[in-house]
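Below are the chains, spelled out letter by letter.
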Amino acid sequence: MPYFCIEFIDMRKVIVFLGLMVMVNLWSCRDRASMAGRDGEESLGIDLDSILQRGTIRVLTDYNSVNYFVYKGLPVGYQFEMLKALCDHLGITLE
């Protein structure tokens, strides 16, 4: 006889448990969405227009062999190349 047998599970407990899990999941998604407005870019006043007026953008990325690294004194990497192409397209400088 197996340790866990489906015959002994009370279906009311399963329905209550699943209902609680759905409620917690929906509540956590709502909470994250409400916090985004307080901590998002709008609260900092950073948008494309302000970046274009300033003429420069500062970017933080990881230093590794794929995203960004310095090779023979020159910065290279996938994220660096993508950011450089974006800055060239917008006519701004990258820091």
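Residues numbered from 1 in each chain as written. Predicted model: local features only at pLDDT ≥ 70, side-chain atom pairs only at ≥ 80, totals over all residues. Heavy atoms only, no water.

Caption draft 1: Structural view of a nonpolar patch on the surface. A contiguous nonpolar patch, built from Val16, Leu20 and Met23 and spanning about 310 Å² of accessible area, is present on the exposed surface. Summarising the element assignment, Val16 is placed in helix H1 (residues 11-39). (Patch = residues over 30% accessible without salt bridge, like charges linked within 9 Å, V, L, I, M, F, W, Y side chains within 5 Å. Areas by Shrake-Rupley, 256 points an atom, 1.4 Å probe, with all protein chains shown as cover. Salt bridge = Lys/Arg side-chain N within 4 Å of Asp/Glu carboxyl O. Helix = DSSP H or I, 4+ residues; strand = E, 2+ residues; numbered from the N terminus.)

Caption draft 2: Region of interest: the packing of aromatic side chains. Evaluation of the coordinates by the stated rule reveals two aromatic pairs. Ring centres 5.9 Å apart and planes at 70° place the aromatic pair Tyr63 and Tyr68 in the edge-to-face group. Its relative accessible area of 56% is what places Tyr63 among the exposed residues. Among the residues examined, Tyr68 registers a relative accessible area of 25% and is labelled partly exposed. Consider the rings of Tyr68 and Phe80, whose centres lie 5.9 Å apart with planes at 55°: the pair is tilted. Taken as a pair, Tyr68 in the loop between strand S1 (56-57) and strand S2 (69-71) and Phe80 in helix H4 (residues 78-90) lie far apart in primary sequence, 12 residues in all. These aromatic residues form a ring-pair network of at least three members: Tyr63, Tyr68 and Phe80. (Phe/Tyr/Trp six-rings, centres within 6.5 Å; stacked < 30°, edge-to-face > 60°. Buried < 20%, exposed > 50% of the residue type's maximum accessible area, 1.4 Å probe, protein only.)

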